[in-house]
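Tertiary structure, described
Spelled out from the first residue to the last, the chains are:
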Amino acid sequence: MYKVDPKTGKQKFYSTAGFQSIASALISILIGLIVGMLIIIFVGLTREEISTKGMLEGVKLVFFGLFNTGRVDNQLTFGFNPVNFGNMLFRGIPLIMTGLSVAVAFKTGLFNIGAPGQYLMSTAATLYVAIVVPTETVPAWLVWVFAFGAGIIAGALWGAIPGLLKATLNINEVITCIMTNWIAANLVTWFFDVRDYLKNSDEAGKIGYIKTTASNGVETAKMGLDKLFPGSQVNGGIVIAIVIAILIYIMMTKTTFGYKLKACGSNRHAAKYAGINDKASIIASMAIAGGLAGAGASLYYLSGHTEFYWSTYMSLPAEGFNGIPVALLASNHPIGVIFAGIFMSLLNIDGLMIKSLTAYNEYIADIIIASIVYLSAFAMIVKQVIGRKGRKAGNTNVNDEPDPALLEAQRAAAKAAMQVEANDAEPAPAEEEGGNK
Amino acid sequence: MSEYVIEMRHIRKEFPGIVANDDITLQLKKGEIHALLGENGAGKSTLMSVLFGLYQPEEGEILKDGQKVRIHNPNDATALGIGMVHQHFKLIDVFTVLDNIILGAETTKLGFLQKKEARKKVLELSEKYGLKVDIDAKIEDITVGMQQRVEILKMLYRENEILIFDEPTAVLTPQEIEELMEVMRGFAREGKSILFISHKLNEIMAVSDRVTVLHKGKCVGTVNTKDVTKQELSTMMVGRPVQLEIEKKPAEPGDVIFSVENLTVPSKLHKNDAVKNVSFDVRGGEIVCIAGIDGNGQSELVYGITGLEKASSGKITLCGQDISGASIRKRSMTGMSHIAEDRHKHGLILDFTLEQNLVLQKFREKEFQKDGFIKFGAVRKYAERLIDEYDVRSGQGPVTVVRSMSGGNQQKAIIARELDRDEPLVVAVQPTRGLDVGAIEHIHKQLVAERDRGRAVLLVSLEMDEVMSLSDRILVMYEGEIVGELDPEKTNPQELGLYMAGAKRQDKEVE
């Protein structure tokens, strides 16, 4: 895997693991975008209502949708669009957090496919606290803190359940995560179903919605970002998400705690042998992962103006599953997750642009976005190809065996791809409503 | 027709920074057992991987029956009748023995497996060569020795004529080694040609016809086994004269540091207890060896002592403290180092770097952390010191990923970590398993040095030589019980063998 400069004895830049991760992520994204473009062209050629011009516009929007500033004289115009930029950052928040959630679990040898459930539990806890605690008596910022804390705790507890089952009874966390996801979906629907005082009854036509936190005066501070990106939904949540990502990075790489978790994830037996409490580590990993997914939901709904559609009939939030491709795209690196999360949300924006500005309908747009997500999740496989090139020349291990980490990654990528597919097949009303208010 | 079934001429294989094989020529005659001897990292496995098609050599050629051949991948090798038993078995744990043997060479009819024929053929082969296997058992449930027989049957099933054995005895008990050698002799009589990779001189002397010795990637020479002595071979292999017998002063046992009273540990495999009511003491300044055939409760005894498994009853005392119910961490802090039996499962985290592995227990100590943050500088310095002191060799020093290191150096890293912790008791389980004579000499010297510094050493070993040369007292375990305590000065391998096989036992009163 390593190429060494014969003169200095140092590793060559292009053969470092970091470079390979970034390169493979970029290559996957490019492949995804190209495939998205091909789908646009294919659909454009087969549908009569789409003109050649419309098709070219679609292609442009796939690559530069973020910079679209609308349509003037029947021509798309491009430039800095503060609304798109701001919305991209805002919608990136939950993706960054669920991406972190999956990444942390991966790093500690666990596959957290339970992010959607953790996200939902946190949504309920956050909204409940933020709406019920009266801002007349408690300062709004304190309610915000309580609600945020409640969301994290709810997510962490929900994540700890599969962790506990894994640690004590050695039940595969994937199975329990999937089951807890659906339990969460039912639980949350029921929770809101029986609490009429949480429902939005003030506005007509808002049947099935929960009140916004802003109705109780609780909103995330804008931190000046609204000046930078006027007209968008962005707020300080993105700053908080980035800070959390950096803290997680520090925790995983610089602290004894992170070392313990990783040791346990890489080889539970050896960790146990060394006197590390393997059971506690597994539970802690899953609780942290759950807490992160929970924080994502909290930050999303505490923005004040995002609405939760409670009457979802047990669908799972897309943000939860999308954490998996985000983590894969970032090679599970917490800092990489920031960029990967924002990229995923950029795709959302592109999809919206395609939908609203061209003759492509929303389903086509979704398919295009889904295929880009799908291919982006192949970052690990691309990395393996890059790695293999280096490996052929550079392997000094004579007793070579196939690298189990790579096999694991391949399996995970396949699983994630399956999930994304399954997920995209489902309608996800909750997400739609949030952004389109 | 050439005299040689396989000829590898002037093979050169390079990896960046390393020439693994430098102009090596190896000639294998039909019907001979040809040993390939060399230290860890001498290039034996690389050479065999070239022959098996796993690597392409930069220079050199391979001839089969005098015809030049190209071997691009293991399928080519199989087509040429070359089979290999790898050091780490390539078996699927959850498949049965039969399924593993036929995997990749299944007979099918209309896409359906024809297991009946396969079963018949495997049973015949197993009968013919005395390779006893439980054909319907899953791999995960059978012993390592039987797994190896499965690997051998795999080669026979494919009707290979050239059989490569990569360190086949590293994981076997003395009895199994004896059986394996008999099987190998049988193959040779039948005209099959065998390449036998090993660094165990006894076995090479016992079984091989000729030996090719490698040293640091170069061929030192090929000799007829009957013309050389063990000492000569070891000198060729290591490049310097090696002490085959460890020199040590008589032990001066001090106070009892560690004692076990009536320890019973349940078995994970069956309902009986794996360790039954075992009691013994270890004093400072002595090496007490638990001898026995693999699977007689030694592993479970160690698990019970170190806390990896819960003992069902009994009392364990270390440095005057009762640690019977203590956690692994508590035990280790009270004064126990543990060189684990399975270095890949328990000893190391293979995907971590060397320095991370060297602080596996110590990372929580003040020296290496402040307020929960790891002091990377201190870790690096410590790792560099250990690497230097214990001569752990690796590609990139402290930041080498342990997975890429050779087995011998992985073991050295574990030994460095455990001995440097300076605890009064060292529990060493098969510390030299799979290592070459140079490394074994080194480790034996270290264990004796630790003894002379007054530490108590509890050694668990399956190697008769090691037991006889290293220990000050021998406790023989048979079916979970200690059946005898012997003085290595007054006993001999034959007597020890009788105890190990359960044919002889001392009464409980004789202490």
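Residues and elements named next belong to chain B. In terms of residue burial, strand β3 (residues 33-37) counts as a mostly covered element, since 5 of its 5 residues are buried. Residue alternation in β3 divides its side chains into two sets, Ile33, Ala35 and Leu37 and His34 and Leu36, and both sets are buried. Pairing between β3 and strand β10 (residues 193-198): 5 bridges, direction parallel. Opposite Ala35, over in β10, you have Phe196 as the bridge partner. Bridge analysis of β3 against strand β11 (residues 210-215) gives 4 bridges, and the strand direction is parallel. Bridge pairing links Leu36 to Thr212 in β11.

We now examine the domain arrangement of chain B. Residue and element names in this part refer to chain B. Taken domain by domain, chain B comprises domain 1 (4-238) and domain 2 (256-500). Measuring from the centre of the C-alpha atoms in domain 1 to the corresponding centre in domain 2 gives 31 Å. Facing 14 residues of domain 1, the contacting portion of domain 2 comprises 14 residues. Buried surface at the junction of domain 1 and domain 2, both sides included, amounts to about 1,200 Å², of which 57% is carbon and sulfur.

Moving on to unusual backbone geometry. Residue and element names in this part refer to chain B. In this structure, Glu167 is a non-glycine residue whose phi angle is positive, near 45°. Along the chain, Glu167 turns up in the loop between β9 (162-166) and α6 (174-189). For Glu167, a relative accessible area of 8% corresponds to the buried category.

Put simply, chain B has an average pLDDT of 85, and 98% of its residues get 70 or more. With a pTM of 0.74, the predicted complex shows an ipTM of 0.71.

Turning our eyes to something else, we now look at the packing of helix α9 (residues 256-266) of chain A against helix α11 (residues 278-301) of chain A. The relative placement of two packed helices comes down to the angle between their axes together with the axis-to-axis distance. Residue and element names in this part refer to chain A. Packing of α9 against α11 leaves a shortest axis separation of 9 Å and a crossing angle of 105°. In terms of axis orientation, α9 runs roughly perpendicular to α11. Residues Phe257, Lys260, Leu261 and Cys264 of α9 form the contact with α11, whose own contacting residues are Asp278, Ser281, Ile282, Ala284, Ser285 and Ile288. The residue inventory of the contact of α9 with α11, partitioned by class, reads 6 nonpolar, 2 polar and 2 charged.

With 170 residues, the main nonpolar core has Leu100, Phe192, Ile248 and Phe308 of chain A as its most contacted residues. Contact partners of Phe192 of chain A, with chain neighbours within four places excluded, come to Ala124, Leu127, Leu198, Lys199, Ile210, Phe308 and Trp310 of chain A. Judged by nonpolar contacts, the second largest core, of 49 residues, contains Ala137, Leu156, Ile204 and Val207 of chain B.

Looking now at the interface of chain B and chain A. Contact residues are listed per partner, giving 41 residues for chain B and 32 residues for chain A. A combined buried area of about 3,200 Å² lies between chain B and chain A, and 60% of that area is made up of carbon and sulfur atoms. Across the contact surface, chain B and chain A share 0 salt bridges. Looking at the side of chain B that touches chain A, the elements with two or more residues in it are β2 (18-29), α1 (44-51), α10 (328-335), β18 (336-339), α11 (343-347), α12 (354-358), β20 (373-374) and α14 (407-420) of chain B. In terms of residue class, the side of chain B that touches chain A is built from 19 nonpolar, 15 polar and 7 charged.

Here we come to the pattern of salt bridges. Counted according to the given criterion, the structure contains 42 salt bridges over all chains. It is possible to trace a salt-bridge network through shared partners that takes in Glu7, Arg9, Glu61 and Lys68 of chain B.

Take the pairing of strand β4 (residues 59-64) of chain B next. Residue and element names in this part refer to chain B. When strand β1 (residues 4-15) meets β4, the two strands line up antiparallel, connected through 5 bridges. Bridge pairing links Ile6 to Lys64 in β4. Sheet topology places β4 next to strand β5 (residues 67-69); 3 bridges connect them, and they run antiparallel. Bridge pairing in β5 places Leu63 opposite Lys68. Count of turn residues in the β4/β5 antiparallel hairpin: 2 residues, of which Asp65 carries a positive phi of about 50°.

The subject of this paragraph is the environment of Asp136 of chain B. All names here are of chain B. Looking at where Asp136 falls in the secondary structure, it is placed in the loop between α4 (115-129) and α5 (144-157). On the accessibility criterion, Asp136 (46% relative accessible area) is partly exposed. Sequence-distant contacts of Asp136, that is, excluding residues within four places in its chain, are made with Thr96 and Arg119. Within the local environment of Asp136, its side chain forms a polar contact with the side chain of Arg119, the two groups lying 2.9 Å apart.

Rules of the game
- Residues numbered from 1 in each chain as written.
- Chains lettered and ligands numbered in written order.
- Predicted model: local features only at pLDDT ≥ 70, side-chain atom pairs only at ≥ 80, totals over all residues.
- Heavy atoms only, no water.
- Buried < 20%, exposed > 50% of the residue type's maximum accessible area, 1.4 Å probe, protein only.
- Helix = DSSP H or I, 4+ residues; strand = E, 2+ residues; numbered from the N terminus.
- Pairing = 2+ DSSP bridges.
- Domains from an automatic or database assignment.
- Contact = heavy atoms within 4.5 Å.
- Buried area = accessible area lost by both parts, 1.4 Å probe.
- pLDDT = per-residue confidence, 0-100.
- Axes fitted to C-alpha atoms, helices over the stretch in contact; angles between N-to-C directions.
- Parallel < 35°, antiparallel > 145°, perpendicular 65-115°, else oblique.
- Nonpolar A, V, L, I, M, F, W, Y, C, P; charged D, E, K, R; others polar.
- Core = buried A, V, L, I, M, F, W, Y, C linked by side-chain atoms within 4.5 Å.
- Salt bridge = Lys/Arg side-chain N within 4 Å of Asp/Glu carboxyl O.
- Polar contact = N/O pair within 3.5 Å; in protein donor to acceptor, adjacent residues only side chain to side chain.

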